[in-house]
Amino acid sequence: MIVPLVGIKPVQAAGFTDVPSRALKEVNYLAEGKIVNGTSATSFTPYKTITRSEAAVFIGRTLQLDGTPRSTGFTDLGSGSFTSGYVQAVVEKGIMSGYDGKKFLPYKAVTRGEMAGILAKAFGYSSNAEKALMDLGIASGLPDGTFGSNQTITRADFAVFLARSIHPEFRLKSLGGFTSKLRSTTGNLNVRSGPSTSFASLGKIAANTEVAGAHSIGGWTYVKTGNKVGFISASYLRSEGTDVTTPPVTENNDAQLSGQTIILDPGHGGTDSGAVGNGLKEKDVVLKMGLQVNDLLKQTPFNVKMTRSTDTFIPLKTRSTFAKNNGGDIFVSIHVNAASASASGTETYYYAAGNPYVADSQLLAAKIQARMLAAWDLKDRGVKPGDLSVLRENNMPAALAELGFISNAGDAAKMKSDYSMKVMSNAIYYGILDYYKEKGYNVDSLYKVAE
Ligand SMILES: [Zn+2]
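Note that this is a predicted model, so its numbers are computed, not measured.

1. Here's the deal with the overall build of the chain
A count of helices and strands for the chain gives 13 helices and 15 strands. For 451 residues, the compact-globule formula gives about 22 Å, and the C-alpha radius of gyration of the chain, at 23 Å, lands near that figure. In the chain, which comprises 451 residues, the proportion classed as buried is 55%. Put simply, of all contacts in the chain between residues at least 6 apart along the chain, 72% involve residues at least 24 apart.

As C-alpha cells, then:
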C-alpha cells in the first residue's frame, strides 16, 4: 500500500478567534505543543509586540527547559513572576542575556534582530543569525531589502518564526538535510508532529527501524522514516553515521573550516587533581592529551580554543560558558576514569537531553570512541548518554572522552608512554575529522597532519 507522506497533522484549532490567517496554522501548531498560550481562551492578541519575557517562555517551552519560577539574579524579575523560571533557564543556556548583568527588562519589546539572535542561539544556527534565518527559510528580508533589525515584532510574527524553526514544513523553502543515519532502539516508538509528547503521534515505528535524522530540538530529533516525517525522542535513537549519498560541501572549503571553532576541554586542573592512580594524576594526563590534540588542530584551518592550557582550576560552568562565549561549534572534553584496579577500558559520553544537538553529539562521541578504541585497543565500554555538566550546559555538539582507567595498571601504562599518548592524541584528532567528514565537510587532506 502506498501511503502519502505524513508530516504535520492538521492541528486542532486552539480556539483563538483573533489570529490572522497568515499565522493561524503556526499559532495552532505551537498551541498544540503547549509552547504558546493566549491572553484568554479565545484571544492570542496577535498584533501586540512580543516582550522579552514572553519570548523567553516560548523558547523555554520549545526546548523543554525547567520553567519552575525561581530567583533570577535580575533586579527587575523576581521569583514571584511566572516567567522567572524560563527567563533564568534561557539565560543559563546562553540564549538570552540581561543588561549590565543586573536587569532583564522583561517587558521590553523584542526586535527582529534580537529575535534572530535568540532563535540562532536556541537552535544552534551560525552566529550570523539574520543570514542564517534567511538561508534556512525561517525569515525573509523586508521589501526594502533589509532585515529590519530594529523593528519590533508581534506575537503572531514571533510564533511564525518559531514554528518554522521547529518544523521545516512551515519554512519558506525545503532543505532536506536528513543526513544522520539513525536506528530506533525500542519498539512502539511514536513519531510526533513536534518535539514533545504534547504533539500528536503520526504513528509508531518498530525497534531497530532505520530513520534519517536532521536537526534536534530539546532532546527530540527531526526524522524521516518510511512515509513519516516528524520528531522522535533522541534517547530512543542511536547513530549509525551519515548518509554517504549526501553531497559533500566543497565550495569555499577553507573558509568553512575556519568558520568552525573546536573547543578542547582537558578536565580538572589546579587544586582539582581528578582521578589519581599508578603514580599519575588525571589533570596532568588530560592536559598533556589536550595540548597534543590542540597542536594537531592548530595545523588545520579549524579555529581551536582550550578551556585550559595550564595547570589551573576551572569550574565546570565556566567551561561551558567559555565554549559559548567563544562561539564553539563542537566541544570535546578529555578525562580518564578511576575505579577498582580491575576496571579498564575506553568510553565516551554525550548528553541526550537539554543540549539541542543530541544526534550530532552522539555522532561526535561515536567517531571519537571508534578512533580511541583503535588507538589503545582497550575494552570498549561504549558510547553512552551521561548527565555531565559540560555536556548538559552546552549548546553545541558535545562529547566527553574517558581515555582509560588511571586506576588500572595496564591502562595507566598507556598514559605513561609518550608513544601511546601520541597515538591517542592522533586518534582524538582523527575522530574530530571523521565527525566533520560525515557532516559533509571536506577534511580529507587534513588526516595527513597526524601521520
Ligand atoms: Zn575527570
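Moving on from the model shown.
2. Section: the sheet that holds strand β12 (residues 330-337)
Spatially, β11-β8-β12-β15-β13-β14 is the arrangement adopted by the 6 strands of the open sheet, whose pairing is mixed. The open sheet is flanked by β11 (303-306) and β14 (380-385), the only strands paired with a single partner. When the angles between neighbouring strand axes are averaged without regard to direction, this sheet yields 20°. With 5 bridges joining them, strand β13 (residues 346-350) and β14 adopt parallel strand pairing. Each bridged residue has a counterpart across the sheet, and for Y350 the counterpart in β14 is P385. Strands β12 and β15 (398-405) of the sheet are contacted by helix α12 (residues 409-416), whose axis makes an angle of about 110° with β15. Strands β8 (261-266), β12 and β15 of the sheet are contacted by helix α13 (residues 418-438), whose axis makes an angle of about 150° with β12.

3. Considering the UniProt feature "domain: SLH" (unreviewed entry) in the chain
With numbering matched to this structure, UniProt assigns "domain: SLH" (unreviewed entry) to residues 10-69 and 70-133. Overall, residues 70-133 shows 41% helix and 0% strand. The separation of its end C-alpha atoms is 32 Å.

4. With respect to the domain arrangement of the chain
Segmentation of the chain into domains returns domain 1 (180-242) and domain 2 (253-450). Taking only C-alpha atoms, the centre of domain 1 and the centre of domain 2 are 28 Å apart.

5. Quick word on the environment of L403
Mapped onto the elements of the fold, L403 is located in strand β15. The exposure class of L403 is buried, given its relative accessible area of 0%. Sequence spacing of L403 and S417 is 14 residues, and the spatial spacing of their C-alpha atoms is 14 Å. Non-local contacts of L403, meaning those with residues more than four positions away in its chain, are made with M289, I334, H335, V336, G345, T346, M372, W376, L378, M424 and I428.

6. Looking at the pairing of strand β1 (residues 180-184)
With 4 of 5 residues buried, β1 lies mostly within the body of the structure. With 4 bridges connecting them, β1 and strand β4 (residues 210-217) associate as antiparallel partners. If you follow R183 over to β4, its bridge partner there is E210.

7. Some remarks on the packing of aromatic side chains
Inspection of the entire model under this criterion finds 13 aromatic pairs. Arranged with centres 5.5 Å apart and planes meeting at 45°, the rings of F16 and F44 form a pair that is tilted. Of the two residues, F16 sits in the segment before α1 (21-32) while F44 sits in the loop between α1 and α2 (52-62), which places them 28 residues apart along the sequence. Taking 5.2 Å as the distance between ring centres and 45° as the angle between the ring planes, the aromatic pair formed by Y222 and F231 counts as tilted.

8. What to know about the pattern of salt bridges
One pass over the structure, following the stated rule, counts 19 salt bridges. With a closest N to O distance of 2.8 Å, R155 and E54 form a salt bridge. With a gap of 101 residues between them, R155 in helix α6 (residues 155-166) and E54 in helix α2 connect regions that are remote in the sequence. Of the two residues, R155 and E54, both sit in the buried class. Taking the shortest distance from any N to any O, the salt bridge between K437 and D444 comes out at 2.6 Å. Looking at K437, the relative accessible area reads 40%, which means it is partly exposed.

9. Considering the coordination of the zinc ion
The protein atoms donating to the zinc ion are H268 (NE2), E282 (OE) and H335 (ND1), with metal-donor distances spanning 2.1 Å. Binding-site remark: the zinc ion is held by donors from one chain whose sequence spacing is H-x13-E-x52-H. Remark: H335 occurs in strand β12 and H268 occurs in the loop between β8 and β9 (276-277); sequence separation between them is 67 residues. Per residue, the accessibility class of H268 equals that of H335, and both read buried.

Cut-offs used in this document
Residues numbered from 1 in each chain as written. Predicted model: local features only at pLDDT ≥ 70, side-chain atom pairs only at ≥ 80, totals over all residues. Heavy atoms only, no water. Helix = DSSP H or I, 4+ residues; strand = E, 2+ residues; numbered from the N terminus. Rg over C-alpha atoms; globule rule 2.2 N^0.38 Å. Buried < 20%, exposed > 50% of the residue type's maximum accessible area, 1.4 Å probe, protein only. Contact = heavy atoms within 4.5 Å. Pairing = 2+ DSSP bridges. Axes fitted to C-alpha atoms, helices over the stretch in contact; angles between N-to-C directions. UniProt positions renumbered as here; feature names shortened; annotations may be inferred. Domains from an automatic or database assignment. Phe/Tyr/Trp six-rings, centres within 6.5 Å; stacked < 30°, edge-to-face > 60°. Salt bridge = Lys/Arg side-chain N within 4 Å of Asp/Glu carboxyl O. Donors = N, O, S within 2.8 Å, 3.2 Å for Na, K, Ca; no water.

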